[in-house]
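Residue-level structure breakdown
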Amino acid sequence: MSLFSIQGLTKRFGSLAATNGVSVEIEREGILSIIGPNGAGKTTFFNLVTGLLKPDAGKIIYQGKDITGQKPYEIIRHGLSRSFQVVSLFEELSVLDNVRVGVQRNLGFMNRLFLNYRRAAEVTERAMEILDLIGLADQADQPAAAIPHGDRKILDLGLALTTKPQSLLLDEPMAGLSKAERTRITQLIKELSLTHKIIVVEHDMDVVFGISDFILVLHHGSVLALGEPKDIAANEEVQSAYLGLEVH
Amino acid sequence: MSKLSQLHKDPLLWIFLVFALYPFLPYFGNFISLGSELLLWFIFTLSFNLCLGQTGLPSFGHGAFYGLGSYAAAITFLRLSDKGFFLPVLGGAVVGCLAAALLGWLIKDKRGVYFAMLTVAFTQVCFGVCWRWDEVTGGEAGLSGIIRQDFLGISMKDPQNFYYFCFVIFAVCSLLIRAISRSCFGLSLQSVRQNHLRSQYLGYPTGLYRFAVYSLSGAFAGLAGALYCLLTQSAFADILDWQKSGDVVMATLLGGGTASFYGPILGSFIFIVCRSLLSSLWEHWLFIYGLSFVIILSFFPTGLMGILQKKKGRSKSS
Ligand SMILES: Nc1ncnc2c1ncn2[C@@H]1O[C@H](COP(=O)(O)OP(=O)(O)O)[C@@H](O)[C@H]1O
Ligand SMILES: [Mg+2]
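Residues numbered from 1 in each chain as written. Chains lettered and ligands numbered in written order. Predicted model: local features only at pLDDT ≥ 70, side-chain atom pairs only at ≥ 80, totals over all residues. Heavy atoms only, no water.

**Structural notes on the interface of chain B and chain A**
- On the side of chain A, 34 residues touch chain B, which itself brings 24 residues to the contact.
- Buried surface at the junction of chain B and chain A, summed over both partners, amounts to about 2700 Å²; 63% is from carbon and sulfur atoms.
- Connecting chain B to chain A are two salt bridges.
- One salt bridge connects B:Arg193 with A:Glu92, and the closest N-O pair in it is separated by 2.9 Å.
- Our enumeration of links across chain B and chain A arrives at 23 residue pairs in polar contact (both at pLDDT 80 or more).
- Contributions of two or more residues to the side of chain B that touches chain A are made by helix 8 (159–181), helix 9 (184–194) and helix 10 (196–201) of chain B.
- A total of eight residues in the side of chain B that touches chain A trace back to one element, the largest contributor, which is helix 9 of chain B.
- Of the residues that constitute the side of chain B that touches chain A, the class distribution is 12 nonpolar, nine polar and three charged. (Contact = heavy atoms within 4.5 Å. Buried area = accessible area lost by both parts, 1.4 Å probe. Salt bridge = Lys/Arg side-chain N within 4 Å of Asp/Glu carboxyl O. Polar contact = N/O pair within 3.5 Å; in protein donor to acceptor, adjacent residues only side chain to side chain. Helix = DSSP H or I, 4+ residues; strand = E, 2+ residues; numbered from the N terminus. Nonpolar A, V, L, I, M, F, W, Y, C, P; charged D, E, K, R; others polar.)

Here it is in structure tokens:
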């Protein structure tokens, strides 16, 4: 049984079909990259799969369960988590407290009325582990709004980890990052892929072809191709629609 | 203990100290029921700020729960045979909580200005009902004849004793509300305010949190309203007027409720003192109050506490 079974997924904004009858089976293991020109419907696809948008048609089956139309907070209980193309943080909270929000929910502390959240030792410990993993431990006390863009992008990814997901959907995790930061995130994604299913939207073709086990190409809201990197690279349709174009 | 030695830095402790001495302060000591009203307003605006400052809920009709709490206390007192002191206070909190739960459930997923307008509309409905329903609320005449009974053998007829009763309740409520705002639950509410979408993606059913905090806040507001009924020994529909709710919003914002837990206390103090003391000296005080509100909030959206915090931050970093 595949991890995701997506059948005829469709979402229209007015006359525009941002996702247009997408049907794919996604395997349990490895890294799947989603590529496609801007406006191809990659983010919309993530929004549908994670319950931010309700599809106009189609079904999303995750691990044999129909999760179509569920809310994000219901979806994450199945072990799905995501990061955001446009960084989505708790701007006024410190880096550590951002992570605490997710961790305290995961560990079941979120409704404790009289426990000072800074004194929930278990939460702090797990939150610091995550900050260590993503390399932001020394910025723990900075307000999220005050750290550099690259670190904010990484914190966004760190928040996605707080729910202890099995599958991670990463929407352009390296957009706007420096070369060094890209290398760092690529490394992190590789590490995470040992224990998580990774689905990543990315524009950097070196990264995409370097790390992916499978590549899904979207074009005008539809699936143009799905296959291993070498097949995608050789696919003529893909080449004319996308790879020939300069994206940046 | 480092905790004990830090105690003198706790603003609440200083607020408690000032208000414990209030009846003996020069000038202010002459206005003992003004002191009681201040304490009730502190509870009321702190409860309001659980919604606005903590969770981002613009409950601009929060006076509904204060007013209903006041009626609930009056009705409990007048209809119950034993004429106790405790049940009316409890009744106010329960009715405030239930009314807020009812409204909160209906509007928990409404955003921004729609939420605000629906709470104002709710207040207007409550006003209409209390203004018209003669048999229960006394209609336009309101309810009177409420007498403060002895409590634990202490005569509550004495304004000073009643003041200290309010003081104890204020102390308990402010400690409770502060503990809640700093708790894990309080952090959950913060996350809902700052980024409700991300909060949902971390597993929080944000609508339920908005509902929960609204009900909780309604209980404190209803309690404050019940004390107001005992203070004035009456209940009238005009406290349900939506303009009264506006006073709470203004006081909280001016004090800086979005920046600090203490903002509502500072703001209520300024508003109540201005209204009670300045208004007798000069009838156009509201004009100056309103103007200062506009000026301060335009330049410092986080209010007076926001200004204070910025100053403190600057002196620390320099
Ligand atoms: N909420 C929305 N309302 C209207 N149109 C939208 C909305 N979200 C996305 N779109 C449109 O859908 C198309 C796909 O967008 P998106 O999924 O963000 O593409 P990608 O992530 O591949 O760049 C674009 O043409 C975009 O303008
Ligand atoms: Mg996108």
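**Focus: the sheet that holds strand 3 (residues 31–35) of chain A**
All names here are of chain A.
- Taken in spatial order, the six strands make up an open sheet running 6-7-8-3-9-10, and their pairing is mixed. Edge strands, defined here as strands with exactly one partner in the open sheet, are strand 6 (80–82) and strand 10 (222–227). With strand direction ignored, the average angle separating the axes of adjacent strands in the sheet is 15°.
- Relative to strand 10, strand 9 (residues 214–219) is paired through five bridges, and the arrangement is antiparallel. Counterpart to Ile215 in the pairing with strand 10 is Gly227.
- Helix-sheet contacts for helix 1 (residues 42–49) involve strand 3, strand 6, strand 7 (167–171), strand 8 (197–201) and strand 9, and the interaxial angle to strand 7 is about 145°.
- Against the sheet, helix 5 (residues 149–161) makes contact with strand 6 and strand 7, and its axis sits at roughly 155° relative to strand 7, the strand it touches most. (Pairing = 2+ DSSP bridges. Axes fitted to C-alpha atoms, helices over the stretch in contact; angles between N-to-C directions.)

**Here's the deal with the site of ligand 1**
Residues and elements named next belong to chain A.
- Taken together, Phe13, Leu16, Ala18, Pro37, Asn38, Gly39, Ala40, Gly41, Lys42, Thr43 and Thr44 form the complete shell of residues around ligand 1.
- Backbone polar atom of Gly41 to an oxygen atom of ligand 1: 3.0 Å apart, as the coordinates give it.
- At 2.7 Å, a side-chain N or O of Thr43 approaches an oxygen atom of ligand 1.
- When the free accessible area of ligand 1 is taken as 560 Å², the share hidden by the protein chains comes to 59%.
- When contributions to the shell around ligand 1 are tallied by element, the ones reaching two or more residues are strand 2 (16–26) and helix 1.
- For the shell around ligand 1, a count of residues per class yields five nonpolar, five polar and one charged. (Near = heavy atom within 4 Å. Areas by Shrake-Rupley, 256 points an atom, 1.4 Å probe, with all protein chains shown as cover.)

**A few points about the coordination of the magnesium ion (ligand 2)**
Residues and elements named next belong to chain A.
- Taken together, Thr43 (OG1) and Gln85 (OE1) make up the protein donors of the magnesium ion (ligand 2), found 2.0 to 2.1 Å from the metal. Taken together, the positions of Thr43 in helix 1 and Gln85 in the loop between strand 6 and helix 3 (95–106) put the pair 42 residues apart, joining distant regions of the chain.
- Given the relative accessible area of 26%, Thr43 is considered partly exposed. (Donors = N, O, S within 2.8 Å, 3.2 Å for Na, K, Ca; no water. Buried < 20%, exposed > 50% of the residue type's maximum accessible area, 1.4 Å probe, protein only.)

**Points about unusual backbone geometry**
All names here are of chain A.
- Of note, the phi angle at Lys164 is positive, near 50°, even though the residue is not glycine.
- Looking at the secondary structure, you find Lys164 in the loop between helix 5 and strand 7.
- At His220, a residue that is not glycine, the phi angle is positive and equals roughly 50°.
- With respect to the helices and strands, the residue His220 is situated in the loop between strand 9 and strand 10.
- Residue His220 is classed as exposed on the basis of its relative accessible area of 62%.

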